[in-house]
There are 2 protein chains.
Amino acid sequence: MSPIRKNSDSAAPAAGRNGVTSVSPVPLHTQIREVLRRRILDGSYPPHSQMPSESQMMESFSVSRITIRQALGDLQKEGLIFKVMGKGSFVAKPKAFQSLSRLQGFGEAMSPSGYETYSMLLSAREVEASALVAQRLTLKEGAAVFEIQRLRYLNREPISVDVSYFPLEIGQRLVQEDLAARDIFVILENDLGHNLTHADVQIEAISADESLGRHLGMDEGLPLLRIERLTYAGERPIDFEFLYYRGDAFQYRLRIDRT
Amino acid sequence: MSPIRKNSDSAAPAAGRNGVTSVSPVPLHTQIREVLRRRILDGSYPPHSQMPSESQMMESFSVSRITIRQALGDLQKEGLIFKVMGKGSFVAKPKAFQSLSRLQGFGEAMSPSGYETYSMLLSAREVEASALVAQRLTLKEGAAVFEIQRLRYLNREPISVDVSYFPLEIGQRLVQEDLAARDIFVILENDLGHNLTHADVQIEAISADESLGRHLGMDEGLPLLRIERLTYAGERPIDFEFLYYRGDAFQYRLRIDRT
């Protein structure tokens, strides 16, 4: 592998610039992608830093705009960089991940890996159940339920907004506990004596609206992982949640068996 | 529940417009959200149709822009509508879903629910393994692997781009089979005799780049569900894939047990 020179002005045309050469059988955009990938992974381009502009890269690699765009497109698909409309491309942080193999709260799941987690309580109040919330918690539409909204932090950076609905009496008890430091699952089990058994989960991708973007410190329109989760204690659904994770900071992992 | 009148010009100020009233204890934006939700669910606003503009809704509900935005923000969070920058809000289609409880190909998973699936082969060729592909398939970087790119259709609309990498000899055999109509998992098992056992899966949310957007018929920047999946036959990893699903058309579902 030829060494990579940054901002080289002296590369001979035959060898190309930055170790990229048109005489290689490997397409130019692939060579450039691999150069950029290494610079991201070795920290030359650190997390959150802005990538050089397309014009700068055209100049430094001596290639066309379309070649640079193909290389950047590949890195974007891989999640190594993300694009901000009108601003350019930025280096993504390595994503934190949570296993879906076992039902766990965010703190429970992340702490053993050495992550520091914390929640900021955004609101806690009695509301009327929407049609969807009522259906999931098997209540009448408009029935009183308790809504708790939290902003969750991972290593001191905001990573998700959690909006949770509980039967009224459960929510009123929960809010007396330390919701900043403790997972709701743990409080439900250890303090309130509910024996959690399982959850039904839906996972999808949506765009951040203005309010989620503001809480999570990201631009409106950027992608979020959205989870709808209904947690049961035996036959009784007792916790219905919407979780919105920053797309650039988080992933789920699981192993699935064929049979 | 009071009846909802559309485009009413005659609502008395006390009763408000469209059944929305400021004397109710329910916040205005909540009332409007529920009116809009019903119009979406009952088909008054059909899938893919453009929602009335904010100005039109301010006029028809006699409320401020911030109230309309709160109502639309709630519906967007719920996945019922999506926003296209500079164009307005549109009604989302009901999402198709695939269960993650068992490892299945897209066709295998969707057909029993009455969906019609089909794949268009975008490309099939020998390529050099990138660092990531090589690591996953336990090959040397730059080793020859087979890449198959497919555009997958659900009920005749594009829903995902699948980019799959195989050890060379497996890919060369696969491409002789009917990849338009049959799942690769099924061909691997029934025709090539590989006994698939499990897969390691990563799930995240990213933005569509220009090329994925073009294939999937969506604007660049809109959210995609991105899956990285490594499928094993026993100890041997034989199929490494990147799946990109339209965020507005697809979700995963699964049940997770607490213990």
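Residue indices begin from 1 for each chain and proceed along its sequence in written order. Labels follow written order: the first chain is A, the first ligand is 1, and so on. Only residues with pLDDT of 70 or above have their local features reported here, since the model is predicted, and side-chain atom pairs are shown and tallied only from 80 upward, although totals for entire chains, interfaces and linings are computed over all residues. Side-chain numbers come from the whole structure's heavy atoms, not from hydrogens or water.

(A) Region of interest: the domain arrangement of chain A. Residues and elements named next belong to chain A. Throughout the structure description, domain borders are defined by an automatic or database domain assignment. Split into domains, chain A comes out as domain 1 (3-91) and domain 2 (96-253). A straight line from the C-alpha centre of domain 1 to that of domain 2 covers 39 Å. Across the interface of domain 1 and domain 2, roughly 290 Å² is buried in total on both sides, 52% from carbon and sulfur atoms. What counts as a salt bridge is simple: a side-chain nitrogen of Lys or Arg found within 4 Å of a carboxyl oxygen of Asp or Glu. At the junction of domain 1 and domain 2, the tally comes to one salt bridge. In this structure, lysine 87 and aspartate 219 form a salt bridge, with 3.5 Å as the shortest nitrogen-oxygen distance. Residues adjacent in sequence count toward polar contacts only when both atoms are side-chain atoms; beyond that, a polar contact is any pair of N or O atoms within 3.5 Å, and within protein one must be able to donate a hydrogen and the other to accept it. On inspection of domain 1 and its partner domain 2, the count reaches zero residue pairs in polar contact (both at pLDDT 80 or more). Throughout, the accessible surface (probe 1.4 Å) given up by two parts as they are put together, summed over both, is called the buried area.

(B) The arrangement of the packing of aromatic side chains in detail. Ring geometry is summarised as follows: Phe, Tyr and Trp rings, the Trp one being its six-membered ring, pair when their centres sit within 6.5 Å, and such pairs are stacked at plane angles under 30 degrees, edge-to-face over 60 and tilted between the two. Considering all chains together, one arrives at 18 aromatic pairs over all chains under this definition. Taking 6.1 Å as the distance between ring centres and 55° as the angle between the ring planes, the aromatic pair formed by A:Phe106 and A:Phe250 counts as tilted. One end of the pair, A:Phe106, is in helix α4 (residues 106-110); the other, A:Phe250, is in strand β10 (residues 250-257), with 144 residues separating them in the sequence. Burial status follows relative accessibility: with a 1.4 Å probe on protein chains alone, a residue under 20% of its type maximum counts as buried, one over 50% as exposed, and anything between as partly exposed. Here A:Phe250 falls in the buried class, since its relative accessible area comes to 0%. Considering the side-chain rings of B:Tyr245 and B:Tyr252, the 6.1 Å spacing of their centres and the 75° angle between planes classify their relative orientation as edge-to-face. Assigned by exposure class, B:Tyr245 and B:Tyr252 land together as buried. Ring pairs connect the aromatic residues A:Phe106, A:Tyr245, A:Phe250 and A:Tyr252, which therefore count as one cluster. The side chain of A:Arg253 reaches across the aromatic face of A:Phe97, ending 3.6 Å from its centre. Secondary structure elements follow DSSP: runs of H or I no shorter than four residues count as helices, runs of E no shorter than two count as strands, and numbering proceeds from the N terminus. Here, a charge over a ring is recorded when the distance from Lys NZ or Arg CZ to the ring centre is within 6 Å and its angle to the ring normal is within 35 degrees.

(C) Structural context of the relation of the copies chain A and chain B. Least squares is used to superpose the copies, and the fit set is the C-alpha atoms of residues whose pLDDT is at least 70 in both copies. Each copy of the sequence occupies a distinct position, and chain A is placed on chain B by a rotation of 180° and an axial shift of 0.0 Å, giving an RMSD of 0.1 Å. Look at the turn and shift together and you get a two-fold axis relating the two. Any two residues whose heavy atoms approach within 4.5 Å at even a single point are treated as in contact. Of the interface residues in chain A, 100% have counterparts in chain B that sit at the interface too, so the contact is made through matching surfaces.

(D) Summary view of the nonpolar core. Each nonpolar core is a collection of buried residues, namely Ala, Val, Leu, Ile, Met, Phe, Trp, Tyr and Cys, held together in the definition by side-chain atoms within 4.5 Å. Within the largest apolar cluster, 70 residues are counted, with the highest numbers of intra-cluster contacts made by A:Ile203, A:Leu225, A:Tyr252, B:Ile203, B:Leu225 and B:Tyr252. Residues in contact with B:Leu225, not counting those within four places in the same chain, are A:Ile203, A:Glu204, A:Ala205, A:Leu225, B:Ile203, B:Glu204, B:Leu243, B:Tyr244, B:Tyr245, B:Gly247, B:Phe250 and B:Tyr252.

(E) Seen up close, the interface of chain A and chain B. Contact with chain A, which involves 60 residues of that partner, is made by 60 residues of chain B. Together, A:Lys77, A:Ile256 and A:Arg258 form the three largest contributors to the area buried by chain A at its contact with chain B, with a combined 19%. Among the ionic pairs, B:Arg38 bridges to A:Glu141, the shortest N-O distance being 2.9 Å. Breaking the side of chain A that touches chain B down by element, the ones donating at least two residues are α1 (28-41), α3 (65-77), α5 (131-136), α7 (184-190), β7 (198-207), α8 (210-216), β8 (223-233) and β10 of chain A. By residue number, the principal contributor to the side of chain A that touches chain B is β7(A), which donates ten residues. Among the residues forming the side of chain A that touches chain B, the class breakdown is 23 nonpolar, 15 polar and 22 charged. We treat two strands as partners when DSSP finds at least two bridges between them. Here β10(A) runs beside strand β7 (residues 198-207) of chain B; their pairing, made up of six bridges, is antiparallel. Following the sheet pairing, A:Arg255 is matched in β7(B) by B:Asp200. Residues were grouped as follows: Ala, Val, Leu, Ile, Met, Phe, Trp, Tyr, Cys and Pro as nonpolar; Asp, Glu, Lys and Arg as charged; and all remaining residues, including Gly, as polar.

(F) Expanded view of the confidence of the model for chain A. pLDDT: the predictor's confidence for each residue, scored from 0 to 100. Here chain A averages 88 in pLDDT, while 93% of its residues score no lower than 70. Per the prediction output, this complex has pTM 0.80; the corresponding ipTM is 0.79.

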